[in-house]
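# Structural overview
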Amino acid sequence: MLRTTVIPASLLPTGAALADAQGVGHRVKVNGMQMYYEVSGAGDPLVVLHGAYMNIPTMGAIIPKLAETHKVYAVELQGHGRTTDIDRPITYPNLADDVAAFMDAVGLPKADVFGYSMGAAAGLQLAIRHPAKVNKLVAASVAYDAKGAQPEFVAFIPQMTVETFLGAPFAAEYRKLAPNPNGFPELVRKMIALEKEPMAWEADVKKLKTPVLIIAGDADVATLEHSVAMFRLLGGGVMGDMGKPLPASRLAIMPATSHTAVITQADLLHAFIEPFLKGQTPKGLFDQEGTH
């Protein structure tokens, strides 16, 4: 979903895939909570931020793939996974400030960031609020304005209740990892409130100097028009092959892909992410470099 992500149980990694997704776990105190994170791989630092109701394991195979060439810091956000909850609303500015404080706590002055859904919006706010900390941002299934959501999702928000989510498969997954196994109803209340928070960041996005790779499914919660509008705010949508460098930001649309199917396609995601982080572009017929 645009802000909250519901992953069907059939798509959750299990067995070997689950084990592969796990790195070395640590905890650090951040803004009054005990934040859990895992470090894997070697190379330039990359902070990974999960979607709502998710955790590091449910991000699946993309984390170990990214860890092949990066030192990945996968974070579990407020009230999710093994990170404790605190008496504070879950908002994107709060989550972004948490990530900034986390980076300070682990000695990361600057890093690339990959976020999915809620994590992508938190990453976007991180780039807005703490631009010096973000080298490049990969934002998968993100929106900069609540008006960019599909009408079906907008209609669903007022129907959300705690009871709607109590029987969901991820409610049981929550209890397996959470420091407070009985805290799920409170998390749901905060996530429903997040859906109703004002979200209109056009002016902030337009000012961004951070290169952003926008990734969306062609059947995502955000409309295709919204993803294109965001790309244009970042300087995209120009014609190539005219002797000028391409914009620093990029747009990738995944075919036949719903919101929850974005994160399950690790190979395709990696094929988009890795060239962006390395600064590689496809070589045109008259392009001698293919790199910007």
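Let us look at the structure shown here. Owing to the predicted nature of the structure, the values given are computational and were not obtained by experimental measurement.

### What about the overall build of the protein chain?
Summing up its helical and strand segments, the protein chain has 12 helices and 8 strands in all. The C-alpha atoms of the protein chain give 18 Å as radius of gyration, which agrees with the globular expectation for 292 residues (19 Å, within 12%). C-alpha atoms of the protein chain, sized along the principal axes, occupy 60 × 40 × 35 Å. Across the 292 residues of the protein chain, 53% fall into the buried class. Surface exposure of the protein chain reaches about 12,600 Å², of which carbon and sulfur atoms provide 56%. Between the averaged position of the 25 positive side-chain charges in the protein chain and that of its 28 negative side-chain charges there is a distance of 4 Å.

### Looking at the sheet that holds strand β2 (residues 33-40)
Spatial strand order, β1-β2-β4-β3-β5-β6-β7-β8: 8 strands in an open sheet with mixed pairing. The open sheet terminates on both sides in strands that have one partner only, identified here as β1 (24-30) and β8 (250-258). Adjacent strand axes in the sheet meet at a mean angle of 20°, parallel and antiparallel pairs treated alike. As defined by bridge partners, strand β6 (residues 134-140) adjoins strand β7 (residues 212-219) across 4 bridges and the pair is classed as parallel. Residue pairing across strands places alanine 140 opposite isoleucine 215, the latter belonging to β7. Sheet strands touched by helix α10 (residues 224-233): β7 and β8. Its angle to β7, the strand with the most contacts, is close to 165°.

### Describing the pairing of β6
Taken across its 7 residues, β6 has 6 buried, putting it largely inside the fold. In this structure, strand β5 (residues 111-116) lies alongside β6, joined through 5 bridges in parallel fashion. Across the sheet, the residue bridging to tyrosine 116 is alanine 140, located in β6. A crossover connection joins β5 to the parallel β6 through helix α4 (residues 118-129); in handedness this β-α-β unit is right-handed.

### Let's talk about the packing of aromatic side chains
Taken as a whole and assessed by the stated rule, the structure comprises 8 aromatic pairs. Pairing tyrosine 53 with phenylalanine 170 gives two aromatic rings, centres 4.8 Å apart and planes at 35°, and the pair type is tilted. Of the two residues, tyrosine 53 is situated in the loop between β3 (44-49) and α2 (62-66) and phenylalanine 170 in helix α7 (residues 169-177); the sequence distance between them amounts to 117 residues. Phenylalanine 170 matches tyrosine 53 in its accessibility class, with the two residues each being buried. Three or more aromatic residues link up through ring pairs in this structure, and these residues are Tyr53, Phe165, Phe170, Tyr174 and Phe184.

### A few points about the packing of helix α3 (residues 92-105) against α4
Taken N-terminus to C-terminus, the directions of α3 and α4 make an angle of 70°; their axes are 8 Å apart at the nearest point. The orientation of α3 with respect to α4, classified from their angle, is roughly perpendicular. The residues of α4 that touch α3, namely those facing Tyr92, Pro93, Leu95, Ala96, Asp97, Val99, Ala100 and Met103, are Met118, Ala121, Ala122, Gln125, Leu126 and Arg129. Classifying every residue of the contact of α3 with α4 gives 11 nonpolar, 1 polar and 2 charged.

### Overview of the nonpolar core
Formed by 67 residues in total, the largest nonpolar core has its most connected members in Val47, Tyr53, Phe102, Leu124 and Phe184. For phenylalanine 102, the residues in contact, after removing those within four places along its chain, are Val28, Val30, Met35, Tyr37, Tyr73 and Val75. Core analysis: the next-biggest nonpolar cluster, separate from the first, contains 27 residues, Leu66, Leu213, Ala252 and Met254 among them.

### Quick notes on the environment of glutamate 152
Mapping glutamate 152 onto the fold places it in helix α5 (residues 151-156). Residue classification places glutamate 152 among the exposed positions, given a relative accessible area of 59%. Expressed as a C-alpha distance, the spacing of glutamate 152 and valine 221, which sit 69 residues apart in the sequence, is 8.7 Å.

### Here we look at the pairing of β7
Of all 8 residues in β7, 6 are buried, a share of seventy percent or more. In this sheet, β8 lies alongside β7 in parallel orientation, the contact comprising 6 bridges. By the bridge assignment, isoleucine 214 is partnered in β8 with leucine 251. This β-α-β element, β7 to α10 to β8, shows right-handed connectivity.

### Considering unusual backbone geometry
Of note in the backbone geometry, asparagine 31 takes a positive phi value of approximately 50° without being a glycine. Within the secondary structure, asparagine 31 sits in the loop between β1 and β2. Exposure remark for asparagine 31: the relative accessible area of 42% places this residue in the partly exposed category. Residue serine 141 is not a glycine yet carries a positive backbone phi of 60°. Along the polypeptide, serine 141 turns up in the loop between β6 and α5. Assessed through its relative accessible area of 3%, serine 141 is described here as buried.

Cut-off values and rules
- Residues numbered from 1 in each chain as written.
- Predicted model: local features only at pLDDT ≥ 70, side-chain atom pairs only at ≥ 80, totals over all residues.
- Heavy atoms only, no water.
- Helix = DSSP H or I, 4+ residues; strand = E, 2+ residues; numbered from the N terminus.
- Rg over C-alpha atoms; globule rule 2.2 N^0.38 Å.
- Buried < 20%, exposed > 50% of the residue type's maximum accessible area, 1.4 Å probe, protein only.
- Areas by Shrake-Rupley, 256 points an atom, 1.4 Å probe, with all protein chains shown as cover.
- Lys, Arg positive; Asp, Glu negative; His and termini not counted.
- Charge placed at Lys NZ, Arg CZ, Asp CG, Glu CD.
- Pairing = 2+ DSSP bridges.
- Axes fitted to C-alpha atoms, helices over the stretch in contact; angles between N-to-C directions.
- Contact = heavy atoms within 4.5 Å.
- Right-handed = clockwise from strand over helix to strand, strands pointing away.
- Phe/Tyr/Trp six-rings, centres within 6.5 Å; stacked < 30°, edge-to-face > 60°.
- Parallel < 35°, antiparallel > 145°, perpendicular 65-115°, else oblique.
- Nonpolar A, V, L, I, M, F, W, Y, C, P; charged D, E, K, R; others polar.
- Core = buried A, V, L, I, M, F, W, Y, C linked by side-chain atoms within 4.5 Å.

Just geometry here; none of it tells us what the structure is for.
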